[in-house]
Amino acid sequence: MVQVAPVAVRGPVRRVTIDVTRQSGDAGETETVMAAGWDPRPSYGAGAGGVDGAEWRPVLDVPPPGQQRRWTVFLRWLLLLPQFIVVALLSFVAFFVTIAGWFSALVLGRLPDPIASFLGSVLAYQTRVSASAALLVDRYPPFAFDAPDYPVRIELRATPLNRLAVLFRLILMIPAAIVSSLAQSGWFAISWVFWLIGIILGRLPEPIFGATAAVVRYRMRLAAYATMLTPVYPKGLLGDAPEAAAQPAYSATRPLRLSTAAQVLVWLFLLLGLAGHLTSGTIDYDDSGDDHPGAAAGRVAG
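None of these values were measured; they are calculated from a predicted model.

1. Overview of the packing of aromatic side chains
Throughout the structure, instances matching the rule amount to 11 aromatic pairs. When the centroid spacing of 6.2 Å and the interplanar angle of 15° are considered together, the rings of Trp77 and Phe188 count as stacked. Separated by 111 residues along the polypeptide, Trp77 in helix H2 (residues 76–79) and Phe188 in helix H7 (residues 174–189) bring together distant segments of the chain. With centroids separated by 5.1 Å and ring planes inclined at 75°, the aromatic side chains of Tyr225 and Tyr233 adopt a geometry described as edge-to-face. Of the residues examined, Tyr233 reaches a relative accessible area of 32% and is grouped as partly exposed. The lysine or arginine in question, Arg169, covers the ring of Tyr225, its NZ or CZ lying 4.0 Å from the ring centre.

Now the structure itself:
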């Protein structure tokens, strides 16, 4: 494997790099790898965000639930208003970059390195804001792509893209977009209960933390798929598969082990979201628009 263009991007644990490499083989130049994680990288199976054959499922790393300052929980969404504005602006730019990436991927079978780097950085920014808004962490997200010490991290490894799947990406993503829309709507419907619990206890109980993290991770994976940062279809809303969950824990969400109570909460989100959409007479099939990196913090982001 010959390294062609390492692009330095600061990230989790003292530093994060986006390594752009090329791999030669029988099929010639076959792979572009983009890593937005931290070293040393653990080796996990597919269900934990590992490799599906030659494909990497995007992963979210969040520390275990801990004590939070009650006043920051009380004012959380108000404090994040500037972040929501930045996220909306980034979403606007990312939309046009994604269009350029779509045409490029049709021709090249992959995202060009600058586009992949930008969209991956924006997705990481948006995910940090979403996690903070969802009360998964207490620390305020920085106004920067470069966030070496922030506790919320994602890891992306862009693999070759199937041109036919790229061509029909908007159609293929509709089922996942519906699931994400329902889950986010359901979470938002009862988020005020979680907010009150956070104020009273100064933390989120494990079932609420796990269910919320599952929704945030699924939304991140959908965004990565929509922007062609990964060819792997989003899944894992109910946690990781048993074989993946058996892997040693690298963070509270890698692998994501959901208790029975947390899984019940996820189903409740989906049912509440469905009820809300049926009541309003529509399902937002374009919810993935919120999932473009940097979109207006989405329902999960408050």
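2. Some points on the side chain of Ser180
Its place among the elements puts Ser180 in helix H7. At 2.5 Å, the side chain of Ser180 and the side chain of Gln184 are in polar contact.

3. Here's the deal with the confidence of the model for the protein chain
Close inspection of predicted coordinates is inappropriate for parts of the model with low pLDDT. For the protein chain, the mean per-residue pLDDT works out to 81, and 75% of the residues sit at or above 70. Segment residues 1–48: pLDDT under 50, and 130 contacts once partners within four positions in sequence are set aside and those in other chains are kept. Here residues 285–302 is modelled with pLDDT under 50, and outside its nearest four sequence neighbours on either side it reaches 74 contacts, counting other chains as well.

4. Notes on helix H9 (residues 206–226)
If you check H9, its first and last C-alpha atoms are 30 Å apart, about what 21 residues at 1.5 Å a residue would give, namely 30 Å. One or two positions beyond H9, positive phi appears at Met228, with a value near 65°.

5. Remarks on unusual backbone geometry
Each neighbour pair has its own omega, and for Arg254 with Pro255 the value is -5°, a cis peptide bond. Tracing the backbone through its elements, the reader meets Pro255 in the loop between helix H10 (242–245) and helix H11 (260–280).

6. A look at the packing of helix H3 (residues 81–108) against helix H4 (residues 113–133)
Contact geometry for H3 and H4: axes closest at 10 Å, N-to-C directions at 150°. When the axes of H3 and H4 are compared, the crossing they make is left-handed. Touching Gln83, Phe84, Val86, Val87, Leu90, Val93, Ala94, Val97, Thr98, Ala100, Gly101 and Ser104 of H3 are Ile115, Phe118, Leu119, Val122, Tyr125, Gln126, Val129 and Ala133, all from H4. Taken together, the residues of the contact of H3 with H4 sort by class into 15 nonpolar, five polar and no charged.

7. Looking at the packing of H7 against H11
At a closest axis distance of 7 Å, the pairing of H7 and H11 adopts a crossing angle of 95°. Viewed along their axes, H7 and H11 adopt a mutual orientation that is roughly perpendicular. Contacts from Val179, Ser181, Leu182, Ala183, Ser185, Gly186 and Trp187 in H7 reach Phe269, Leu270, Leu272, Gly273, Leu274 and His277 in H11. Considering only residue class, the contact of H7 with H11 consists of eight nonpolar, five polar and no charged.

8. Considering H7
Compared with the 22 Å implied by 1.5 Å per residue over 16 residues, the 22 Å span of H7 between its first and last C-alpha is a close match. Within H7, the full set of buried residues consists of Ala176, Ala177, Ile178, Ser180, Ser181, Leu182, Ala183, Gln184, Ser185, Gly186 and Trp187.

9. What about the pattern of salt bridges?
One pass over the full model with this rule turns up seven salt bridges. A salt bridge links Asp61 to Arg254, with the nearest nitrogen and oxygen atoms 2.5 Å apart. Taken together, the positions of Asp61 in strand S9 (residues 59–61) and Arg254 in the loop between H10 and H11 put the pair 193 residues apart, joining distant regions of the chain. The exposure class assigned to Asp61 is buried, which follows from its relative accessible area of 1%. In this structure, Arg69 engages Asp138 in a salt bridge whose closest nitrogen and oxygen atoms are separated by 2.7 Å. Of the two residues, Arg69 is situated in the loop between S9 and helix H1 (70–74) and Asp138 in the loop between H4 and strand S10 (153–155); the sequence distance between them amounts to 69 residues. Assessed through its relative accessible area of 18%, Asp138 is described here as buried.

10. Some words on the nonpolar core
By size, the foremost hydrophobic cluster in this structure holds 66 residues, and its most contacted members are Leu111, Leu123, Leu136, Leu229 and Phe269. Looking at this core, the elements that each hand over two or more residues are H3, H4, H7, H9 and H11. Counting residues per element, this core draws most heavily on H9, at 14 residues.

11. Quick look at a nonpolar patch on the surface
Taken together, Leu164, Leu167, Phe168, Ile171, Leu172, Ile174 and Tyr233 make up a surface patch of nonpolar side chains, about 620 Å² in accessible area. Among the elements of the structure, helix H5 (163–167) and helix H6 (169–172) are those that each provide at least two residues to the nonpolar patch. Mapped onto the elements of the fold, Phe168 is located in the loop between H5 and H6.

12. Here's the deal with the environment of Ser104
Structurally, Ser104 can be placed in helix H3. C-alpha of Ser104 to C-alpha of Ile115: the two residues are 11 residues apart in sequence and 9.4 Å apart in space. Those residues within four positions of Ser104 in sequence are excluded, and the remaining contacts are Gly109, Arg110, Pro112 and Ile115.

About the criteria used
- Residues numbered from 1 in each chain as written.
- Predicted model: local features only at pLDDT ≥ 70, side-chain atom pairs only at ≥ 80, totals over all residues.
- Heavy atoms only, no water.
- Phe/Tyr/Trp six-rings, centres within 6.5 Å; stacked < 30°, edge-to-face > 60°.
- Helix = DSSP H or I, 4+ residues; strand = E, 2+ residues; numbered from the N terminus.
- Buried < 20%, exposed > 50% of the residue type's maximum accessible area, 1.4 Å probe, protein only.
- Lys NZ or Arg CZ within 6 Å of the ring centre and 35° of its normal.
- Polar contact = N/O pair within 3.5 Å; in protein donor to acceptor, adjacent residues only side chain to side chain.
- pLDDT = per-residue confidence, 0-100.
- Contact = heavy atoms within 4.5 Å.
- Expected span 1.5 Å × (residues − 1).
- Axes fitted to C-alpha atoms, helices over the stretch in contact; angles between N-to-C directions.
- Left-handed = near helix turned anticlockwise from the far one by under 90°.
- Nonpolar A, V, L, I, M, F, W, Y, C, P; charged D, E, K, R; others polar.
- Parallel < 35°, antiparallel > 145°, perpendicular 65-115°, else oblique.
- Salt bridge = Lys/Arg side-chain N within 4 Å of Asp/Glu carboxyl O.
- Core = buried A, V, L, I, M, F, W, Y, C linked by side-chain atoms within 4.5 Å.
- Patch = residues over 30% accessible without salt bridge, like charges linked within 9 Å, V, L, I, M, F, W, Y side chains within 5 Å.
- Areas by Shrake-Rupley, 256 points an atom, 1.4 Å probe, with all protein chains shown as cover.

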